[in-house]
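Listed here are the chains, written in short residue letters.
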Amino acid sequence: MKEVIFQGTDLVKTFGETKVLQGVSLELYKGDFTVIMGSSGSGKSTLLYMLGGMDRLSGGQLLYYNRKIDMTHASEKQLTSLRAEEFGFVFQRTHLVSSLTLEENIRMAGLIAGSMSEREIAEKTETLIRQMHLEKAKDRLPAQVSGGEAQRAAVARAVITKPAMLFADEPTGALNKANTEEVLNLLTVLHTEGQTILLVTHDREAALRGNRILYLEDGAIVGELKLSPYQGKDIKREQELASWLEGFRW
Amino acid sequence: MKKYQMLLKAAWKKQKGSICGIFFLVSVLSLCLFSSLTLYVSGRSFVKKEMNRLGFGNLTIWVSGAGEGLAEEIENVSDVEQVICQPLIYAGYEVNGAYSDNEGQLIVYDGTVPYRFLTREGKEIPTPQIEKGSVYISPAMRSVFDVEVGNTIQFELSRKDGIVSLTVAGYFADGFMGSSMIDMKSFLISGEDYAAMQEIVSHAAAVDVLGREGAMLHIFQSPESSLTALDFHRAIQEGTDVSLATEFSYRQESILNYMLLLQNILSGFLLAFSAVLFLVCIIVTGNSLSAVVEQDKRDVAVLKTLGMPGTEIRNGYLLLYGGVVLAGLFFGLLFAERIAGGMARGLVSSTGLLISVKLPLLLSLLLLAALILLFAVFLILRTGKILAVAPMETIRETAGGKQVRTLIGQRFLEWDIALRELGFGKKNYIALFVIAVFLSVFLAVIGRMGTWLGPNGEGLMNAFSVANHDLGVQPFNRDVPMDEIERVIEWYSPIQETYELAMESVTVNGQEYEANVLNDTNWFHILRGRVCDGDSILITDTVASELQLSIGDTVRVSANGRVESYRISGIYQCANGMGSNIGMSMEGYSRIGDITGYIWCYHYILENGNMRDFAMNYLQEHYRGIDVHTNSWSGLNGIVFMMHVLIVVIYLIAAVFILVSVALISGKLLRAETGNMAVYKSMGLSTQRLRLSFALRFLIVVTAGTFGGILFSAVFADGMIRRLFRSFGIGDFHAGVGIMGTLLPFIVIPVLFFLFAWAFSAKLKQVSIVTLITENDD
């Protein structure tokens, strides 16, 4: 029996008159690489930001089990603390702090969380830089490196605090093929090491890295597919996903 | 035209915060500038007109005894057109327990001189009938003696049954001596009281008489006369015997300066402050405009790809911002007269009359045109960037930046982030730095003046007095027991030092001045050269410039019909009579004057100077035949009060300016850093910590700017103020490090910037990270 990290019931999010999430109910489990797919405007990014405590839900109940928090009613302080200590984020645009070097961007996340000593943070940063192959780029500003390097740094920044959940919103959306592969490989490695991941994507290749796929349509989950863990190119898995997606006219 | 309308509408929607802020800043600048200008110009012309209306000539000489004979004699001088004699009685007086430093001048009100009568607030009322036993006074006496209608003023005419009490019935506008800066005061009384006083003075025994009859001689220079004011005065003195009866004399111009001293201090400082505000306006407008241009760069590029020429796009911006600046300037101009009127009403107790203000139209329009021109040039230069926007390059442009190395640690994370962002975006903070420099220089200058002035006006006391002292006692006859008086003083505080001073009228090269004669010349405040001896004199900077003299020159000094030559040994400071005085040694003066009479005033330095007022009050109450005074004078309170008001007003205006500047600059910075802020937030940095880090940037930059400004003022301010003070006869100025000139601006300016930045960064709290991040997404 997998441990539940998030349990959402009837999650609703409205922007003015527009109802983006229309009563989503879901559970996310520890150790899973969950992928949310859906067409543009289906509400998948909104769902990710709600789960990540970046924005507030308009209705429903969302429980985060590690802290026993109902995120629908959590204070701003609680949400800030969750973002700092429990969650990591990777965005489509890298969203690194433009005035910090890649190394400083990674280290900054550790400093903000405040759960490790400066020495531990420095060591962890060093390890991640090596792991992400950023040795040459680490002292450069985000504007001075390639998109792939910046996104790898963003992944390193997201995981430096060993988050309970890594949220990734279209992390390969702005990358070329080679860089996309690199970033996806990184996520796979992290998942293999036990990192729980929630990925939002409309890229079939990216979705194949997950072991659980949820399909969102008009603000509601309309399908779920369980896949075996990713272990390299696997035609069977690809076909399974493709035929499942065909059901949604993908 | 339609496209301009669309552009302006879109720009207004997006930039209404900046536009309103700029409008506000320019309005405050315009109000401050035009109202102080209105007050300055109106004050001068109004008092001059009032003096003419009341019949004061180019020169007024106060004489003792009947003045009619002298008036006739003066009228025979070729350059004199007319002399009007206005009889009066000189008498010392006491109000609410305070004694006058100078004699009052009691004038009978018979309607021949058209005095204006006023309410407490300075509003004109119909001419009243002055009843027996009542007196009308200048409203300035309220600030000097705290006197109100219904209080009693006791005039001392004779030691023996010669104290006449009159009740204050109201106020009148005295265009010549009404200001609180002038100790001589006129009192309008009834004909019956005047006659009774004449009776007392004429029948009192010589040893008892305190008051005396005299007159004001209003002398008008003939229109054909080409003599300067100085030469005109000299011609009258040389051509008549008036100097033998002269008590004192004033040229119209010098009394005008006295009358308007406080008002000129206020309007002068506000005018100078307007210059600082103008610079701040330019900086903030420029900063705001460049932020808008930067923000709209993509839109500009898109418009250019659609074929709209850069000049037309720029014209849109010029129209909008030029329009706002114009509106602000005109708004200020519109209300300047009303504000100046309010200021004039507030100054009634200082100026002694309600200045009727009128916007100096021509001067204001010229100034307005100059301001419009300066703003226009500035806006054209600032919008030049729009022409340089290359369409596709801009659309494709990605953010860059220069790498900065600063430490980032856990302990002071907010501070470290602030420093990094500062280093990274230093261009954005230059405006803030420059504003801090300008404001701190100005506030430091005014603070230094406040420090120099001291809580009780000590700075001015020393500048206006011949030599430092706590207490001065002048006996008028041999019956005064000076030994006993000194023992009384020592009850209050041991006497540390003592010297003697006499103030006598002399002429230097034919020009009348007051000679300050000391038995110990080391007490003079020497600015340059050496102290004087029996063959030499000291002059002030004012005398030096009036008579074109310098150290080493020889002058002819005369008094009592005797003339001697003296060498000028040095320049000394004594702003008394706007610096129209000279310093002499007792030995030197003895060559032309009688030093054995009761001319000497004994000056005492007390071990405990705080006891001087107690000693003075005791002596005034218990001894007759003496004049007791401290180093202060009645008008001083007015100046100290005015200075404090000025400091408060200027700090308030500065605070408002800081508020609006921070609103505009922080808006720009927050816009520029939206992305980074969102990222920090997504990493779990709380809004509070982000706000602190944001406000800290303001604190760091402004502290640096303020430090620079204060350093600048420490080096240059004293020199600048000294130059300004010379025009008031004060030759030296040194403030040093003080709370008001150094500490106050150094704390207040950065703290205000920090607090306002903190307040405006509250926007960060309201915007969700998702919005911030998606806003920053392409």
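Residue numbers here run from 1 along each chain, matching the order of that chain's written sequence. Chains and ligands are labelled sequentially in the order written, the chains with letters from A and the ligands with numbers from 1. Given that this is a predicted model, residues contribute local features only at a pLDDT of at least 70 and side-chain atom pairs are listed and counted only at 80 or more, while totals for whole chains, interfaces and linings are drawn from all residues. Hydrogens and water are ignored here; the side-chain numbers use all heavy atoms of the structure.

Peer 1: Describe the sheet that holds strand β4 (residues 59–64) of chain A, naming the residues involved and giving the relevant values.
Peer 2: Residues and elements named next belong to chain A. The four strands lie next to each other as β2-β1-β4-β5, forming an open sheet whose pairing is antiparallel. Lying at the two open borders of the sheet, with one neighbouring strand each, are β2 (18–29) and β5 (69–70). Any two strands with at least two DSSP bridges between them are considered paired. Put simply, DSSP marks the helices as runs of H or I at least four residues long and the strands as runs of E at least two long, and each gets a number from the N terminus on. As defined by bridge partners, β4 adjoins β5 across two bridges and the pair is classed as antiparallel. By the bridge assignment for β5, Leu-63 is matched with Asp-70. Strands in contact with helix α1 (residues 44–51) are β1 (4–15), β2 and β4; relative to β2, the strand with the most contacts, it is inclined by about 60 degrees. Any two residues whose heavy atoms approach within 4.5 Å at even a single point are treated as in contact. Here an axis means a line fitted to C-alpha atoms, over the contact stretch when the element is a helix, while the angle between two N-to-C directions is reported on a 0 to 180 degree scale.

Peer 1: Help me get a handle on the side chain of Thr-80 of chain A, residues and values and all.
Peer 2: By the secondary structure assignment, Thr-80 of chain A is in helix α2 (residues 76–85). Accessible area is worked out with a 1.4 Å probe on protein chains only. A residue is then buried under 20% of its type maximum, exposed over 50%, and partly exposed in between. Since its relative accessible area comes to 6%, Thr-80 of chain A is described here as buried. A polar atom in the side chain of Thr-80 of chain A sits 2.7 Å from the backbone oxygen of Glu-76 of chain A. In contact with Thr-80 of chain A, not counting residues within four places along its chain, are Gly-684, Leu-685 and Ser-686 of chain B. For the purposes of these results, a polar contact is taken to be a pair of N or O atoms within 3.5 Å, where, inside protein, one atom must be able to donate a hydrogen and its partner to accept one; residues adjacent in sequence count only when each atom of the pair is a side-chain atom.

Peer 1: Got a sec to walk through the sheet that holds strand β8 (residues 197–200) of chain A? Specific residues and values, please.
Peer 2: Residue and element names in this part refer to chain A. The strand order across the open sheet built from six strands is β6-β7-β8-β3-β9-β10, with neighbouring strands paired in mixed fashion. Sheet topology places β6 (87–90) and β10 (220–226) at the edges, where each strand pairs with a single neighbour. In this sheet, neighbouring strand axes are inclined to one another by 20 degrees on average, regardless of whether the strands run parallel or antiparallel. Of the strands in this sheet, β3 (33–38), β7 (165–169) and β8 touch helix α6 (residues 177–192), which is tilted by about 140 degrees from β3.

Peer 1: Any details on the side chain of Ser-36 of chain B? Residues and values, ideally.
Peer 2: All names here are of chain B. With respect to the helices, strands and loops of the structure, Ser-36 is situated in helix α1 (residues 2–53). Of the polar contacts made by the side chain of Ser-36, one reaches the backbone oxygen of Leu-33; its length is 3.1 Å. For Ser-36, the residues in contact, after removing those within four places along its chain, are Leu-31, Ser-267, Leu-270, Leu-271 and Ser-274.

Peer 1: Go over the packing of helix α8 (residues 261–295) of chain B against helix α16 (residues 426–453) of chain B with me, naming the residues and quoting the values.
Peer 2: Helix-helix packing is characterised by the crossing angle of the two axes and by the distance between the axes. Residues and elements named next belong to chain B. Contact geometry of α8 with α16 gives a least axis separation of 9 Å together with a crossing angle of 170 degrees. Considering the angle they form, α8 stands roughly antiparallel to α16. Here Phe-269, Ala-272, Phe-273, Val-276, Leu-279, Val-280, Ile-283, Val-284 and Asn-287 of α8 come into contact with α16, specifically with Asn-428, Ala-431, Val-434, Ile-435, Phe-438, Leu-439, Phe-442, Ile-446 and Met-449. Note on residue classes: Ala, Val, Leu, Ile, Met, Phe, Trp, Tyr, Cys and Pro are nonpolar, Asp, Glu, Lys and Arg are charged, and everything else, Gly too, is polar. Taken together, the residues of the contact of α8 with α16 break down into 16 nonpolar, two polar and no charged. For classification purposes, angles smaller than 35 degrees are called roughly parallel, those larger than 145 roughly antiparallel, those between 65 and 115 roughly perpendicular, and all remaining angles oblique.

Peer 1: Residues and numbers for the confidence of the model for chain A, please.
Peer 2: For every residue, the pLDDT score states the predictor's confidence, bounded by 0 at the bottom and 100 at the top. The pLDDT averaged across chain A works out to 89; a share of 100% of its residues lies at or above 70. β8 of chain A holds the highest mean pLDDT among the elements of chain A, 94, whereas β5 of chain A holds the lowest, 84.

Peer 1: Describe the interface of chain A and chain B, listing the residues and the values that go with them.
Peer 2: With 35 residues of chain A at the contact, the number on the chain B side is 33 residues. By buried area we mean the combined loss of accessible area, with a 1.4 Å probe, across both parts when two parts are placed together. When the area that chain A buries against chain B is broken down by residue, the three leading residues are His-95, Ser-99 and Ile-112 of chain A, summing to 21%. Here a salt bridge means any side-chain nitrogen of Lys or Arg lying within 4 Å of a carboxyl oxygen belonging to Asp or Glu. The tally of links between chain A and chain B comes to one salt bridge. With a closest N to O distance of 2.5 Å, Arg-420 of chain B and Glu-104 of chain A form a salt bridge. The tally of links from chain A across to chain B stands at six residue pairs in polar contact (both at pLDDT 80 or more).

Peer 1: Talk me through the pattern of salt bridges; I want residue IDs and the actual numbers.
Peer 2: The tally for this structure, following the rule as stated, stands at 25 salt bridges over all chains. In this structure, Glu-238 of chain A and Lys-233 of chain A form a salt bridge, with 3.2 Å as the shortest nitrogen-oxygen distance. Here Lys-233 of chain A falls in the exposed class, since its relative accessible area comes to 69%. Note that Arg-116 of chain B and Glu-124 of chain B form a salt bridge whose closest N and O atoms lie 3.3 Å from each other. The class of Arg-116 of chain B is partly exposed, set by a relative accessible area of 24%. Residues joined in a network through salt bridges with shared partners are Glu-50, Arg-53, Arg-116 and Glu-124 of chain B.

Peer 1: Describe the packing of aromatic side chains, naming the residues involved and giving the relevant values.
Peer 2: Residues and elements named next belong to chain B. Pairing of aromatic rings covers Phe, Tyr and Trp, the last through its six-membered ring, and needs centres within 6.5 Å; plane angles under 30 degrees mean stacked, over 60 mean edge-to-face, and all others mean tilted. If you walk through the whole model with that rule in mind, you get 30 aromatic pairs over all chains. On the numbers, 6.3 Å between centres and 55 degrees between planes, the contact of Tyr-492 with Tyr-618 is tilted. Taken as a pair, Tyr-492 in helix α18 (residues 482–492) and Tyr-618 in helix α21 (residues 612–622) lie far apart in primary sequence, 126 residues in all. Under the relative-accessibility criterion, Tyr-492 is labelled partly exposed at 25%. Overall, the relative accessible area of 23% leaves Tyr-618 in the partly exposed class.

Peer 1: Go over a nonpolar patch on the surface with me, naming the residues and quoting the values.
Peer 2: All names here are of chain B. A contiguous nonpolar surface patch, about 790 Å² in accessible area, is contributed by Phe-707, Leu-711, Ile-739, Leu-743, Leu-744, Phe-746, Ile-747, Val-751 and Leu-755. Counting residues per element, the ones that place at least two in the nonpolar patch are α24 (687–726) and α25 (739–760). The greatest single-element share of the nonpolar patch, amounting to seven residues, is contributed by α25. Its place among the elements puts Leu-743 in helix α25. Residue classification places Leu-743 among the partly exposed residues on the basis of a relative accessible area of 44%. To count toward a patch, a residue needs a relative accessible area over 30% and no salt bridge; like charges are then connected within 9 Å, while nonpolar side chains (Val, Leu, Ile, Met, Phe, Trp, Tyr) are connected within 5 Å. The accessible surface values rely on the Shrake-Rupley method and a 1.4 Å probe; as for residues, cover is taken only from the protein chains in view.

Peer 1: Now, about the environment of Arg-116 of chain B: what can you tell me, with residues and values included?
Peer 2: All names here are of chain B. Counting through the fold element by element, Arg-116 comes out in strand β5 (residues 116–118). Linking Arg-116 and Pro-309, residues 193 residues apart in sequence, is a C-alpha distance of 66 Å. What Arg-116 contacts, discounting residues up to four positions off in sequence, is Glu-50, Arg-53, Glu-124, Phe-172 and Ala-173. Here the side chain of Arg-116 touches Glu-50 through a polar contact of 3.2 Å, side chain to side chain.

Peer 1: Let's hear about helix α2 (residues 68–75) of chain B: which residues, and what values?
Peer 2: Since one α-helical turn is 3.6 residues long, residues separated by three or four positions face the same way. Of all the residues in α2 of chain B, the buried ones are Leu-70, Ala-71 and Ile-74 of chain B. Projected down its long axis, α2 of chain B carries its buried residues within an arc of 105 degrees, all on one side. Picture the helix axis, draw a direction to every C-beta atom, and the arc is the one those directions span.

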